[in-house]
Amino acid sequence: MLQPLVSWFEENQRALPWRATYDPYHIWVSEVMLQQTQVETALPYYERFIREFPTVESLAQADEQRVLTLWAGLGYYSRARNLMVAAKAVVQDHGGKIPSDYDALLELPGVGQYMAGAILSIAFNKPYPVVDGNVRRVLSRIYGWMEENPKALWDAAARLVEAAEPRMINQAIMELGAKVCSFRSPRCLICPVQASCAAFRTGTQDRIPPVKKRPATVHVHLCAVVCTKGDRYLMKAVDGMWEFPMLAELPEGSFEKIGQCRHTITHHRIDVSVYRGKLRTNGFEWKNVDTIPISSLTRKILISDKKHKMHKNL
Ligand code: SF4
C-alpha cells in the first residue's frame, strides 16, 4: 500500500506554496493556519503572512496588532497569538532555529502532538506520526475500524511513518483524505490503496469512521451597538481583536435597529441585532476600522451599518 500511495501523491499532489519548501518556519505557519481552516481559505492568508513575516525573527519582532490584522477573517485568533509567543521563544531560547526535537517543540505554545509530528516529519523528515481528521478517516477505512480508538490510530500512523519516507507518507495520507477518501463520497475506484482497504472490501465506507457526536448547537442572541464620530467607531479590544459594544440587552435610551446578522463559531450560533445609538464610553475607544484587526463577526456588523448608510444615503 505504501508505494502506490506515495507514487500517487508524487503525481497528484496539489501545488501548494508550503510544499515548495522544507523551511520549518513556513511549514509551521501553514500547519497552524490549516488547523480548523480549509486549504483554499488559508492560501491567500499564508501568502500574505509569509510575505510580511518571512522568518521566525521577523514574526518575533512583529507588532501583535499587525499580526492579528493579517489573521483577521481566519478565526481562532489564539492560534496567531500563540504563534507570536512561540516565535519569540524560538528566538530567545533556540537562537532563532525551530527545534528539531519533539520535547522542545511541545514546550512551544500552541504546539501539540499533531503539530510537533507535522513539523518534524515534513520539515525535518523525521519519523513522527500525524493524525488529523483526514488521517483518521483514511486509516480507519483501510483497517476497517468501526469503533473510535485514538491509540490504535496513532500506533498505525507511527508504523507507517517508520516504513516509508516520513515527509512523503504523512503528506500522502493527508492528501488522499482531502482529495480522494472524502467523508461523504470517497472515490474508491481511483484510489491508490483500494486493494488494501477493508472498508472498500466490505462496502462499509459510509459507516467508517464512526460519526463523532457533535455538541448541541447553542443559540445566542446579542445586540451590537454602532456608535460613530466622523469616520471612527466606538470599539473595544478583546484579546487584541477590536469589537463593537456587544450586549445581551439594550440599555435604556434611543436606539435604531439597522440590521441583523448571523455568525457561527464551532457549535455556537450567534444572532446579532445591529443598532445605532449612543452609549457610555467606559473602556471603549474611537477607532478607524481600516487600521485595526477585526473578526468576521465585526466585519458583518460593519457591513450591516454600511448597507444601512447606503440605503439612507447617509
Ligand atoms: Fe478511502 Fe475508498 Fe480508498 Fe478505502 S478505497 S481508502 S474508502 S477512497
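Relevant structure appears above.
Note that the structure is predicted; figures quoted are calculated from it, not measured.

Q: Looking at this structure, how should I read the site of the ligand?
A: Around the ligand sit Arg141, Val180, Cys181, Pro186, Cys188, Cys191, Val193, Gln194, Cys197, Phe200 and Gln205, and those are all the residues in its vicinity. Partitioned by chemical class, the residues of the shell around the ligand number 8 nonpolar, 2 polar and 1 charged.

Q: Whenever I open this one, the sheet that holds strand E6 (residues 255–265) confuses me. Can you help?
A: Consider a sheet: its strands pair through backbone hydrogen bonds, and that pairing is either parallel or antiparallel. Taken in spatial order, the 4 strands line up as E5-E1-E7-E6 in an open sheet, and their pairing is mixed. Strand pairing shows two members of the sheet lacking a second neighbour, strand E5 (246–247) and E6, which therefore form its edges. Sheet analysis places strand E1 (residues 218–226) next to E5, joined by 2 bridges and oriented antiparallel. Along E5, the bridge assignment pairs cysteine 223 with leucine 247. Strand contacts of helix H13 (residues 296–312): E1, E5, E6 and strand E7 (268–277), with the helix running at about 145° to E6, the strand carrying the most contacts.

Q: How do you make sense of the nonpolar core when you look at a structure like this?
A: The nonpolar side chains of a soluble globular protein tend to be buried, and buried together. Counting residues in each nonpolar core, the largest one holds 41 residues, and the members touching the most others are Tyr25, Trp28, Met33, Phe49, Leu59 and Trp71. Where this core is concerned, the elements lending two or more residues are helix H2 (24–34), helix H3 (39–52), helix H4 (56–60), helix H5 (64–71), helix H6 (78–94) and helix H8 (113–123). With 7 residues, the single largest contributor to this core is H6. The contacts of leucine 59, once residues within four sequence positions are left out, are Tyr25, Phe49, Phe53, Val67, Leu83, Met84 and Ala87. Judged by nonpolar contacts, the second largest core, of 32 residues, contains Val130, Val131, Ala164 and Cys181.

Q: Whenever I open this one, the state of the cysteines confuses me. Can you help?
A: When the sulfur atoms of two cysteines share a covalent bond, that bond is a disulfide. Scanning the model with the defined rule gives 0 disulfides in all. Here cysteine 223 is not disulfide-linked; the sulfur of cysteine 261 is the nearest cysteine sulfur, at 11 Å. The class of cysteine 223 is buried, set by a relative accessible area of 6%.

Q: It is not clear to me how the environment of threonine 202 should be interpreted in this structure. Could you clarify?
A: Mapped onto the elements of the fold, threonine 202 is located in helix H12 (residues 198–202). On the basis of relative accessibility, which here comes to 54%, the residue threonine 202 falls in the exposed class.

Q: What exactly am I supposed to notice about helix H9 (residues 133–143) here?
A: The periodicity of an α-helix, 3.6 residues per turn, causes residues three or four positions apart to be oriented the same way. With 8 of its 11 residues buried, H9 lies for the most part within the structure. Where H9 is concerned, the buried positions are Val135, Arg136, Arg137, Val138, Leu139, Ser140, Arg141 and Ile142. Lining the buried residues of H9 we find helix H10 (150–163), helix H11 (166–179) and H12. Put simply, aspartate 132 is the residue that caps the front of H9, since its side-chain oxygen is 3.1 Å from the backbone nitrogen of asparagine 134. Following H9 by one or two positions, glycine 144 adopts a phi angle in the positive range, close to 70°.

Q: Looking at this structure, how should I read the packing of aromatic side chains?
A: The way to describe two aromatic rings as a pair is by their centre distance and the angle between their planes. With the rule as written, the count across this model stands at 6 aromatic pairs. An angle of 65° between the planes, with centres 5.4 Å apart, marks the rings of phenylalanine 49 and phenylalanine 53 as edge-to-face. What makes phenylalanine 49 buried here is its relative accessible area of 0%. You can call phenylalanine 53 buried: its relative accessible area is 6%. Centre to centre, the rings of tyrosine 102 and tyrosine 128 are 5.2 Å apart; their planes meet at 5°, and the pair counts as stacked.

Thresholds, definitions, all that
Residues numbered from 1 in each chain as written. Predicted model: local features only at pLDDT ≥ 70, side-chain atom pairs only at ≥ 80, totals over all residues. Heavy atoms only, no water. Near = heavy atom within 4 Å. Nonpolar A, V, L, I, M, F, W, Y, C, P; charged D, E, K, R; others polar. Pairing = 2+ DSSP bridges. Helix = DSSP H or I, 4+ residues; strand = E, 2+ residues; numbered from the N terminus. Contact = heavy atoms within 4.5 Å. Axes fitted to C-alpha atoms, helices over the stretch in contact; angles between N-to-C directions. Core = buried A, V, L, I, M, F, W, Y, C linked by side-chain atoms within 4.5 Å. Buried < 20%, exposed > 50% of the residue type's maximum accessible area, 1.4 Å probe, protein only. Disulfide = S-S within 2.5 Å. Polar contact = N/O pair within 3.5 Å; in protein donor to acceptor, adjacent residues only side chain to side chain. Phe/Tyr/Trp six-rings, centres within 6.5 Å; stacked < 30°, edge-to-face > 60°.

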